[in-house]
Amino acid sequence: MLHNRLFIRKVAVLGAGVMGAQIATHFVNVGITPILFDLPTEGNDQNALVKQSLKSLKELHPSPLALDSLFQLIEVANYGHDLALLRECDLVIEAISERLDWKQDLYRKITPYLNPQSVLVSNTSGLSINKLALSLPTSIRSRFCGVHFFNPPRYMTLVELIPHKETDKLLLEQLESFLVMELGKGVIYAKDTPNFIGNRVGVFSFLCSLHHAMDLDLSFDLVDQITGPIMGRPRSATFRTLDIVGLDTFAQVVNTMEKWLPNDPWHSLFHIPAWFSTLINKGALGQKTRSGIYKKDAEGIQVFDIRERCYRTAQQKVDPEILEILKIPTVYEKFSKLRTSTIPEAKFLWASYRDLFHYCAYHLTAIADSPRDIDLAIRWGFGWQQGPFELWQNIGWKTVMAWIEEDIRANKTLSSEPLPEWSTILKEEGPYGKGTCYSPSKQTYISRSSLPVYKRQIFPDPLLGEIFDEGKTIFETDAVRLWTTGDELAILSFKSKKNTISDAVLDGLLEAIWVAESDYKALILWQRHGTDFSYGANLKDVLTALSAGRIELLEKVVVKFQKTALALRYARVPTLMAIQGLVLGGACELMMHCTKTIAALESYPGLVEMGVGLIPAGAGSKEMALRASRASQNVNGGDPFSHLQKYFRTIARAEVAKSALAAKQLGFLQEGDIIITNPYEVLFVAKKQALALAESNYHPPLKGNITVAGKPGLATIQVELVNMREGGFVSDHDYLIGSLLARVMCGGEVEGGIEVSEEWLLELEQQAFLELLNTKKTQERIAYMLQHNKPLKN
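Residues numbered from 1 in each chain as written. Predicted model: local features only at pLDDT ≥ 70, side-chain atom pairs only at ≥ 80, totals over all residues. Heavy atoms only, no water.

Visitor: Give me the lowdown on the sheet that holds strand β9 (residues 294–297), citing residues and values where you can.
Guide: Here 3 strands make up an open sheet; going across it, the order is β9-β10-β11 and the pairing antiparallel. Only two strands of the sheet have a single partner each, and these edge strands are β9 and β11 (310–313). For this sheet, the mean inter-axis angle between neighbouring strands, taken without regard to orientation, is 40°. Two strands pair when backbone bridges link them, and β9 and strand β10 (residues 300–305) are joined in this way by 4 bridges, in the antiparallel orientation. The partner of Lys295 across the bridge, within β10, is Gln302. (Pairing = 2+ DSSP bridges. Helix = DSSP H or I, 4+ residues; strand = E, 2+ residues; numbered from the N terminus. Axes fitted to C-alpha atoms, helices over the stretch in contact; angles between N-to-C directions.)

This is how it looks when you write it as structure tokens:
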């Protein structure tokens, strides 16, 4: 499928700053060895600068490393003595400071050491790729371009690919395929203009928000309350995002715009205010220095107050009328009310979006091929649910256009430039058609890239107006849908909120297994919507039954949950789960019973039942005991306790894996499970694996007994629990939960080393689960979690 594939075995990253170091760590996350370079330091260890940079990464949260042990696989080097190592590298990424002369000097230094096939790219956030290319020997220029990662590179989807005049077109396709499949990125092509697409538009949006906030005398914490999830943007909203980006990094990008875009009609906006520079000069650079626009101290979250030029407690409240407007589901009605309101927060939101729409439309043809590129840049690079053109068209293309033109005439906009001609002649109700997007340069509606790598994305990240083949429905209920794409594979997707698992979902899953065994080659569990696979069991149903005193209903559900898990394990056809995001509680238990799991790197399984005062009772506690037994068959004389103790602690801490790699280490995933980097490819790979298993004369595993730790193991864990309770580390109720969990996982009051059946452990699971459900403190924990979305310590 992928011809002329670019194979990267080793990569060099030049520049061990925050960005360069994180790029190196993402390569090691995906299994490619990185060499991280920087200047030599004086003294005995000339790589001290690089090592210090890597050490500082350990303090970043979330971690740039998918697994802590990968840290030691990053090789360190310096420009003074180690440039010969570049000959080993297939890809060289320059990521030093944003100085054109510094980058050109470095290129002259490294080019004699590049091997003839290596690819050289710059991670510049906005300097001219054509100017950088001119400093290279002509023999290298065709293998040079811009590859701009967004911070943090492990988590942000966006990568901008910026060719110069001589970049080889085949190389660009190879790089795009590599970035998409191997690094899990979303790639857009940007024209070689200052700050390219993402930073050009994203930074303008920040500057615009800053301007209107100051003009309307709105505090930063107030702005963040109305520009976060309530407007389809990330929780970091506006000014918290600046802290994540880094105030110094943001200032560099703004300075690039100020210097290289003198004729931009919005140029007066391209400057850093004095108070902002003062924060930078004081070392308050944001998250990386733990102080920026926000900081945290003993009194809580503090925000910088530009009027008082000092920090104060972040506690500003949004006008209730604005909150009601923002809850309006119809986007046209919402923005219509924002535009006509006299409340400062409303005026801020309309002005900020209006000027962003205006700016994007005016500059589109200069920086991008189509609105799709700008929208994907803002979605993938800044975490918005919709890009500016998608949102504009959703409100009403012609309506918004009339609003903007009216505000231009009234001198309300930040620029008096008229809207461009292309925006006024569209035949459709905006730039998006049915699966296409208008390109002003081509003067027609164009489809997405046809590069073979995208055939691996059966359901890519959808844009406005895109409809993908949903397959043929086999059966559908209110809880689940079983469907097929005509390849003899059955696919089950949940329909519940946050893909939670209710009694009805279990019924649908059992029926799906029966149908798959009768008529299909395999069954795949995959969620059509949402970024998380499942939040686990439906706690609302549990609390409703408890409130009604219907414990017997919950007992039946537990039995059905266990039955479903075993049905997945012993089905006559392969059962696979394709996951990404959170896979919690009961969903993790089901996953562990499937034949194989295909996991995106950013998958976070966890048995979290302890957080609501319960233990895993959907066969999860049994399964961890079984895995401990099997892991110890040929070690420790067959004693499962060392493995079992590790698994017990994982469950007792309600630990959620920080990545799919970590999930293997914790025992949630097994060696045979497959990890890929791009979450949009998990269904494609799952289907390939399902067919391979089916064509390999698949048989379900044979049932076997489980060697348990018994009374000796139980006594050892009990001592640990007593010590923790006496030391004040766990409550009395935590102690009870831990004791019951230990009893289940050790096989109860039996002799150590004996074998028991799965059914024996499942019965212990049921008993422990029901005993805990009948306690007041567990019921309080369940209610608290539903109300506050965080665990109660009682």
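Visitor: Pulling in residues and values, what's your account of the packing of aromatic side chains?
Guide: All chains considered together, the criterion is met by 34 aromatic pairs. With a centroid separation of 5.9 Å and 85° between ring planes, the pair formed by Phe459 and Trp483 is classed as edge-to-face. Of the two residues, Phe459 sits in the loop between β13 (444–446) and β14 (472–476) while Trp483 sits in strand β15 (residues 480–484), which places them 24 residues apart along the sequence. An identical accessibility class is assigned to Phe459 and Trp483; each is buried. Through a chain of ring-to-ring contacts, the aromatic side chains of Phe150, Phe206, Phe220, Phe239, Phe250, Trp275, Phe276, Phe304, Tyr311 and Phe382 assemble into a single cluster. (Phe/Tyr/Trp six-rings, centres within 6.5 Å; stacked < 30°, edge-to-face > 60°. Buried < 20%, exposed > 50% of the residue type's maximum accessible area, 1.4 Å probe, protein only.)

Visitor: Any chance you could break down the side chain of Lys622 for me, citing the residues and the numbers?
Guide: Tracing the chain through its elements places Lys622 in helix α21 (residues 620–631). The exposure class assigned to Lys622 is buried, which follows from its relative accessible area of 0%. Looking at Lys622, its side chain comes within polar contact range of the side chain of Glu758, at 2.9 Å. Beyond its immediate sequence surroundings of up to four residues, Lys622 is in contact with Leu566, Arg569, His593, Ile706, Glu758, Leu761, Leu762 and Glu765. (Polar contact = N/O pair within 3.5 Å; in protein donor to acceptor, adjacent residues only side chain to side chain. Contact = heavy atoms within 4.5 Å.)

Visitor: Provide a residue-level description of the pattern of salt bridges, including the pertinent values.
Guide: The final tally for this structure, using the stated rule, is 45 salt bridges. Linking Asp369 and Lys442 is a salt bridge whose minimum nitrogen-to-oxygen distance equals 3.0 Å. A residue pair is termed long-range when its members are at least 10 positions apart, and Asp369 in the loop between α14 (344–367) and α15 (371–382) and Lys442 in the loop between β12 (437–439) and β13 qualify at 73 residues. The exposure class assigned to Asp369 is partly exposed, which follows from its relative accessible area of 23%. (Salt bridge = Lys/Arg side-chain N within 4 Å of Asp/Glu carboxyl O.)

Visitor: Give a description of the nonpolar core that names residues and reports values.
Guide: The biggest cluster of nonpolar side chains holds 133 residues, and the ones touching the most others in it are Phe27, Phe149, Leu523 and Leu773. Residues within four places of Phe149 in sequence aside, it is in contact with Met19, Ile23, Phe27, Ile93, Asn123, Leu158, Val159, Leu179 and Leu183. Counting residues in hydrophobic clusters, the runner-up holds 113 residues, among them Val201, Leu269, Val331 and Ala346. (Core = buried A, V, L, I, M, F, W, Y, C linked by side-chain atoms within 4.5 Å.)

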